[in-house]
Amino acid sequence: MSTLHIVDHPLIQHKLSIMRNKKTGSKDFRELLSEIAMLMGYELTRDLPLEDIQIETPICKMTAKTISGKKLAIVPILRAGLGMVDGLQKLVPVAKVGHIGLYRDPETHLPHEYYCKLPPDIEDRIVILVDPMLATGGSASDALTMLKKHGCHNIKFMALVGVPEGITKVQAEHPDVDIYVAAQDECLNEHAYIVPGLGDAGDRIFGTK
Ligand code: PRP
Ligand code: URA
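This one's a predicted model, so the numbers in the text were calculated from it and none came from an experiment.

Student: Looking at this model, I keep getting lost on the packing of aromatic side chains. Mind explaining?
Tutor: Two aromatic rings, taken as a pair, are described by how far apart their centres are and by the angle between their planes. Under the criterion given, the structure shown has 1 aromatic pair. Considering the side-chain rings of Tyr103 and Tyr114, the 6.2 Å spacing of their centres and the 40° angle between planes classify their relative orientation as tilted. Of this pair, Tyr103 sits in strand β6 (residues 99-104) while Tyr114 sits in strand β7 (residues 111-117); the two residues are 11 residues apart in sequence, bridging distant segments of the chain. For Tyr103, a relative accessible area of 44% puts it in the partly exposed group.

This is the structure:
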């Protein structure tokens, strides 16, 4: 069974509260999402393997640590996942970025694929799939299935807010994928929006409503 990590550092909780406030505009919303993604990324990359390298400081030779082996890929689910990419890229500038386009049907709430472009060597990379909202879990679960069809076998999923329904679905369908959220909210409403949540993340990032 995958592990659910709730990354509830005080800075993250504070920033998330500002994002939840309906009075917060797109500029601040985007900046806060990026900052939280970076703070969560710090925790998510905690177990990256290290190896020894030989270097020379201005004083002497030494054995120093460097991140070893597998490289990273960041894969946002379009659109809202885009808001988490630059925060993670600040931590890992050499990470490649893939894109998965999914939209949720407003009636059925089921995800529909409209785009997929991934780095050619994605199967050799540790993949961080990102999307701020984990609601029914349909989008995250389908995106994980798409990544696995492309050979990915080392994947973590990072969301901002999740609810038990979506978390349970992703854990049941992808028990090998650890999930990172900043907060676990209460439930879904009749439109499958997260309660209390923060509204439509894509619209708030891009100012489309
Ligand atoms: C939102 C969100 C997730 C999805 C979550 O995207 O960004 O991708 O819904 O819902 P789920 O867990 O029930 O699948 P949306 O389909 O609204 O597209 P957008 O990001 O382009 O606005
Ligand atoms: N997508 C969003 O953007 N917000 C929700 O609450 C649920 C799905």
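Student: Hey, could you run me through the side chain of Ser34 in this one?
Tutor: With respect to the secondary-structure elements, Ser34 resides in helix α2 (residues 26-44). Apart from residues no more than four positions distant in its own chain, Ser34 is found in contact with Gly83, Asp86, Gly87 and Lys90.

Student: How should I be thinking about helix α1 (residues 10-20) in this particular structure?
Tutor: Given 3.6 residues per helical turn, the α-helix brings residues three or four places apart onto the same face. Along α1, the residues classified as buried are Ile12, Lys15, Leu16 and Met19. One side of α1 holds all its buried residues, which, seen down the axis, span an arc of 105°. Exposed residues pointing more than 90 degrees away from the buried face of α1 are listed as Pro10 and His14. On its buried face, α1 sits against α2, β11 (161-162), β13 (183-184) and α6 (201-206).

Student: Just checking my understanding: could you explain the nonpolar core for this structure?
Tutor: The nonpolar side chains of a soluble globular protein tend to be buried, and buried together. One finds Leu16, Met40, Met158, Leu160 and Leu198 to be the most contacted residues of the largest nonpolar core, which totals 37 residues. Going through the elements one at a time, α1, α2, β4 (72-78), α3 (85-91), β8 (126-130) and α6 are the ones with two or more residues in this core. With 7 residues, α2 is the largest single contributor of residues to this core. Filtering out sequence-adjacent residues up to four positions away, Leu160 remains in contact with Leu16, Met19, Leu33, Ile36, Met84, Asp131, Pro132, Val181, Ala182, Ala183 and Leu198. In terms of nonpolar packing, the next biggest core, distinct from the first, is built from 24 residues, Ala73, Leu102, Val127 and Leu129 among them.

Student: Mind showing me how you'd approach the packing of α1 against α2 here?
Tutor: Each pair of packed helices can be summarised by the angle the axes make with each other and by the distance between the axes. Where α1 contacts α2, the two axes come as close as 10 Å, and the packing angle between them is 155°. Taken together, the axes of α1 and α2 are roughly antiparallel relative to one another. Pair α1 / α2 crosses with left-handed handedness. Taking contact as the criterion, the partners of Leu11, Ile12, Lys15, Leu16, Ile18 and Met19 in α1 are, on α2, Phe29, Leu32, Leu33, Glu35, Ile36, Leu39 and Met40. Taken together, the residues that form the contact of α1 with α2 break down as 11 nonpolar, no polar and 2 charged.

Student: What is the right way to look at the pattern of salt bridges in this model?
Tutor: Side-chain pairs of opposite charge can arise whenever the charged atoms involved come near each other. According to the stated counting rule, one finds 11 salt bridges in the structure shown. Notably, a salt bridge pairs Lys90 with Asp86, separated by 4.0 Å at the nearest N-O pair. Here Lys90 pairs with Asp86, and both are found in helix α3, just 4 residues apart, close to one helical turn. By relative accessible area, which is 56% here, Lys90 ends up exposed.

About the cut-offs
Residues numbered from 1 in each chain as written. Chains lettered and ligands numbered in written order. Predicted model: local features only at pLDDT ≥ 70, side-chain atom pairs only at ≥ 80, totals over all residues. Heavy atoms only, no water. Phe/Tyr/Trp six-rings, centres within 6.5 Å; stacked < 30°, edge-to-face > 60°. Helix = DSSP H or I, 4+ residues; strand = E, 2+ residues; numbered from the N terminus. Buried < 20%, exposed > 50% of the residue type's maximum accessible area, 1.4 Å probe, protein only. Contact = heavy atoms within 4.5 Å. Arc of directions from axis to C-beta. Core = buried A, V, L, I, M, F, W, Y, C linked by side-chain atoms within 4.5 Å. Axes fitted to C-alpha atoms, helices over the stretch in contact; angles between N-to-C directions. Parallel < 35°, antiparallel > 145°, perpendicular 65-115°, else oblique. Left-handed = near helix turned anticlockwise from the far one by under 90°. Nonpolar A, V, L, I, M, F, W, Y, C, P; charged D, E, K, R; others polar. Salt bridge = Lys/Arg side-chain N within 4 Å of Asp/Glu carboxyl O.

This is a description of form; function is not addressed.
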